[in-house]
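# Breakdown of the fold
Here are the chains, one letter per residue:
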Amino acid sequence: MMLADPSSKYRPFVAVDLPDRQWPSKRIETPPLWCSVDLRDGNQALIDPMDLERKRRFFDLLVQVGFKQIEIGFPSASQIDFDFARELIEDDLVPDDVTIQVLTQARPHLIDRTFEALKGAKKAIVHVYNATDPVFRRVVFNVDKSDCIKIACDATALIRQRMEEAPETDWTFQYSPELFTTTEMDFAVEIVDAVMETYGATAEKPMIVNLPATVECATPNNYADQVEWFCRHISHRDHLIVSVHPHNDRGTGVAAAELTVMAGADRVEGTLFGNGERTGNVDIVTLAMNLYTQGVHPALDFSNITPIMREVEHCNQLPVHPRHPYVGDLVFTAFSGSHQDAIKKGMAVRRDNPDAVWEVPYLPIDPMDVGRSYEAVIRVNSQSGKGGISYLLEQEHGIELPRRLSIEFSQVVQEVADRTGREITSQMIYQAFSDEYLDKTAPFALINHRLSSEPDSPRVHLEAVIEHKGQRQTIQGEGNGPLAAFIKALVAYGVDVEIIDYHEHSRGQGADAEAIAYVEVRAGEESIFGVGIDESITSASMKGVMGALNRHLDDEPVAANVTAESLA
Ligand SMILES: CC(=O)SCCNC(=O)CCNC(=O)[C@H](O)C(C)(C)COP(=O)(O)OP(=O)(O)OC[C@H]1O[C@@H](n2cnc3c(N)ncnc32)[C@H](O)[C@@H]1OP(=O)(O)O
Ligand SMILES: CC(C)C(=O)C(=O)O
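Conventions adopted
- Residues numbered from 1 in each chain as written.
- Chains lettered and ligands numbered in written order.
- Predicted model: local features only at pLDDT ≥ 70, side-chain atom pairs only at ≥ 80, totals over all residues.
- Helix = DSSP H or I, 4+ residues; strand = E, 2+ residues; numbered from the N terminus.
- Rg over C-alpha atoms; globule rule 2.2 N^0.38 Å.
- Buried ≥ 20, exposed ≤ 12 C-beta atoms within 10 Å, placed from the backbone.
- Contact = placed C-beta atoms within 7 Å.
- Axes fitted to C-alpha atoms, helices over the stretch in contact; angles between N-to-C directions.
- Parallel < 35°, antiparallel > 145°, perpendicular 65-115°, else oblique.
- Left-handed = near helix turned anticlockwise from the far one by under 90°.
- Nonpolar A, V, L, I, M, F, W, Y, C, P; charged D, E, K, R; others polar.
- Near = placed C-beta within 6 Å.
- Pairing = 2+ DSSP bridges.
- Core = buried A, V, L, I, M, F, W, Y, C linked by C-beta atoms within 7 Å.
- UniProt positions renumbered as here; feature names shortened; annotations may be inferred.
- Right-handed = clockwise from strand over helix to strand, strands pointing away.
- Domains from an automatic or database assignment.

### Thoughts on the overall build of the chain
- Tallying secondary structure elements over the chain gives 18 helices and 14 strands in all.
- The C-alpha radius of gyration of the chain comes to 35 Å, more than 25% above the 24 Å expected for a compact globule of 568 residues.
- In terms of overall dimensions, the chain has C-alpha extents of about 105 × 60 × 45 Å along its principal axes.
- Looking at the 568 residues of the chain, the share that counts as buried comes to 41%.
- The contacts in the chain between residues at least 6 apart in sequence include a share of 65% that link residues at least 24 apart.

Pasting the structure below:
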């Protein structure tokens, strides 16, 4: 049960003292060095760790995306990780510009086994860690600060020796004071200084110091303060590549990574889509795409993000959430009316100026840039409005409703959405549109028509054969154009009708092109829309008038064919 007073059980985070912090006014203008830890930190958090086949597929994917540093495992911990390192090295599967990294505890037999796994590697990063946090020193290791430093330095000395014994490999050394963010900052600096000295790091041969938020335990500005404080107090900042390793326990791993890069970190360790211990490691895809939306290329390629997600889902045997930033199945989709309206208007502006800066409301990124289409950008349910409905009719069926008709038709779709409680697909919308405007062919139907005019006269004469209540009738009229002449003919036949508004456009191209006419008529006391589609624009407009009259005289419920069963 939650405590009435949680302060009796939980302590607030103690912030580092850095009143003149510089990082808040920094901007990220180049990408950090990225290191994928999917095959190690991600892997150690899986229900079923990856086998060799899944590890290999994931490794190839990471290379293809553009990672230059990849932590491939913990070879001293499992035979699979050992064998995987051997496979990559012996089969020469690591591209020349990619460096593999492996993790080990600061224990001699594990370090020796690690070097066995790396024998013959062209380039490798050996990553050693020990916990420096006071609770771990006391509870897990039962050591004081100097013992803790000794564990780190003894391991560093052994690693240095093993590296010197294998000069054929281009080695890099990495040290992590585990739980950096809950370690006393002066002690973190003290232990890293000692490790740096033991290793003999120089500006020419820098080492990586990785400052992990092993468990995220404070707002991300605190992590940034700690990284800036560390960088300002360490003895030889230029002998170090400063790396961060954010976890996501508070759900702010991405913010933490961004703020720590602003605070001076050169490198970020994380995973694709954020798999990792507990709530995960920081998601590098989100970090990279966040940079991209600021106009900075992240040096990773997510042009085809959906297959990347599917591959990661396969390797991890874990799904990616449909709302996951930049990739989830629903992240480029708007259901709500006002969002759809704004997107539709933004897309229309963009169509006229496709090279302009991206300014489509509610879409932080062009879905096309990550290999997604505009198809699912707008989907319709009971939360939607006329903008979304018109967008789908236009995009997928080439029907560009005039504004007043779109307002009227949205009520038809709203009724279906409310009645079914389900998403209405573009096919359903088209069906409702056809039922309502195209398929009502009685009591009036147009059979054929003939137009004639006198030379030099703007007036046209129209003779049309119509069907009225099953009887063929010939009607005639004259006007300034075919539609006016048709209305005259209907009035002469006894129908009380006049045109209020008229729009038309063509649909399709070449031999398949057809005309669509939207006619708003006054019939009796009612103002009503009709829509006609035909190869000829004159026939389309006359069919539109007939459609309006048939709707006027029809008392069938609107879009009655669309039912919950037909949606199932
Ligand atoms: C934050 C992180 O993600 S760190 C990475 C964690 N990943 C993993 O642990 C996955 C792989 N690990 C393993 O398979 C195993 O832990 C092994 C093979 C490495 C070691 O296994 P074991 O020898 O059985 O030890 P175990 O896992 O229980 O580790 C605990 C011992 O290691 C010591 N230890 C733990 N971490 C470290 C470290 N970084 N450096 C030195 N000693 C350490 C502990 O103090 C403890 O010692 P004790 O037995 O004297 O009390
Ligand atoms: C080994 C270290 C970097 C780690 O995984 C962590 O602290 O989360």
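Here the narrative resumes, following the displayed structure.
### A short note on the packing of helix α6 (residues 145-165) against helix α7 (residues 185-199)
- Close contact between α6 and α7 brings their axes to 9 Å; oriented N to C, the two are set at 25°. By the angle between their axes, α6 is roughly parallel relative to α7. Note on packing geometry: the crossing formed by α6 with α7 is right-handed. Between α6 and α7, the residues in contact are Lys145, Cys148, Ile149, Ala152, Cys153, Thr156, Ala157 and Arg160 and Phe187, Ile191, Ala194, Val195, Thr198 and Tyr199, respectively.
- Residues that form the contact of α6 with α7 fall into these classes: 10 nonpolar, 2 polar and 2 charged.

### Looking at the site of ligand 1
- With respect to spatial proximity, 16 residues lie near ligand 1, and among them Gln44, Ala77, Gln105, Ala106 and Asn130 are the closest.
- Within the residue set of the shell around ligand 1, elements represented by two or more residues are α1 (38-44), β4 (123-131) and α5 (134-141).

### Overview of the sheet that holds β4
- Taking strand neighbours around the barrel as the criterion, the 8 strands line up as β1-β2-β3-β4-β5-β6-β7-β8 in a closed arrangement whose pairing is parallel. Put simply, the sheet's adjacent strands are angled 25° from each other on average, direction ignored.
- Alignment of strand β7 (residues 240-246) against strand β8 (residues 267-270), held across 2 bridges, turns out to be parallel. Pairing of serine 243 across the sheet is with arginine 267, part of β8.
- The strands that α7 touches are β5 (170-178) and β6 (207-213); relative to β5, the one it contacts most, it runs at about 160°.

### A short note on the environment of valine 189
- Relative to the assigned elements, valine 189 resides in helix α7.
- Among the residues examined, valine 189 registers 19 C-beta atoms within 10 Å and is labelled partly exposed.
- With 341 residues separating them in the primary sequence, valine 189 and glycine 530 have C-alpha atoms 78 Å apart.
- Dropping the residues within four chain positions of it, valine 189 is found in contact with Phe230, His233 and Ile234.

### Section: the nonpolar core
- Ile72, Val102, Met207, Val227, Val268 and Val285 are the most contacted members of the largest nonpolar core, which totals 89 residues.
- Tyr437, Leu483, Leu490 and Met542 belong to the second-largest nonpolar core, a separate cluster that totals 51 residues.

### Regarding the UniProt feature "binding site: Mg(2+)" (unreviewed entry) in the chain
- As annotated in UniProt, the feature "binding site: Mg(2+)" (unreviewed entry) corresponds to Asp41, His245, His247 and Asn281 in the numbering used here. These annotated residues cover 241 residues of sequence, and their C-alpha atoms lie no more than 10.3 Å from one another, placing them together at a single site.
- The topology assignment puts histidine 245 in strand β7.
- Secondary-structure assignment places asparagine 281 in the loop between β8 and α10 (284-292).
- With 31 C-beta atoms counted inside 10 Å, the residue asparagine 281 sits in the buried group.
- Apart from residues no more than four positions distant in its own chain, asparagine 281 is found in contact with Val37, Asp41, Gly42, His247, Gly270, Thr271, Gly274 and Gly276.

### Some details on the packing of helix α13 (residues 386-397) against helix α14 (residues 403-420)
- Interhelical geometry of α13 versus α14 gives an angle of 95° and a closest axis separation of 9 Å. With respect to each other, α13 and α14 are oriented roughly perpendicular. For the pair α13 and α14, the contacting residues are Lys386, Ile389 and Ser390 in the first and Ser406, Ile407, Phe409, Ser410 and Val413 in the second.
- Split by residue class, the contact of α13 with α14 holds 4 nonpolar, 3 polar and 1 charged.

### A word on the pairing of strand β12 (residues 497-507)
- Bridge count for β12 against strand β13 (residues 514-523) is 10 bridges, and the pairing is antiparallel. Across the sheet, aspartate 501 pairs through a bridge with glutamate 520, a residue of β13.
- What sits between β12 and β13 in their antiparallel hairpin is a turn of 6 residues, with glycine 508 showing a positive phi close to 80°.

### So, the pairing of β4
- Among the 9 residues in β4, 8 count as buried, and that is most of the element.
- Across 6 bridges, the pairing between strand β3 (residues 99-105) and β4 is parallel. From the neighbouring strand, valine 102 faces β4, where its bridge partner is valine 126.
- Each parallel crossover has a hand, and the one from β3 via helix α4 (residues 108-118) to β4 is right-handed.
- Pairing of β4 with β5, which is carried by 9 bridges, proceeds in the parallel orientation.

### Structural notes on the domain arrangement of the chain
- When cut into domains, the chain gives domain 1 (27-316), domain 2 (332-377) and domain 3 (444-553).
- Once you take the C-alpha centre of each, domain 2 and domain 3 turn out to be 37 Å apart.

### Some details on the sheet that holds β13
- Pairing within the open sheet is antiparallel, and its 3 strands lie in the order β12-β13-β14. Looking along the sheet, the strands with just one partner apiece sit at the ends: β12 and β14 (526-534). Adjacent strand axes in the sheet meet at a mean angle of 15°, parallel and antiparallel pairs treated alike.
- Bridge analysis of β13 against β14 gives 9 bridges, and the strand direction is antiparallel. Bridging from a neighbouring strand, valine 519 pairs with glycine 530 of β14.

### Observations regarding the site of ligand 2
- In the region of ligand 2, the neighbouring residues are Asp41, Leu103, Tyr129, Ser176, Glu178, Asn210, Pro212, Thr214, His245 and His247.
- When residues of the shell around ligand 2 are traced back to their parent elements, those giving at least two are β5 and β6.

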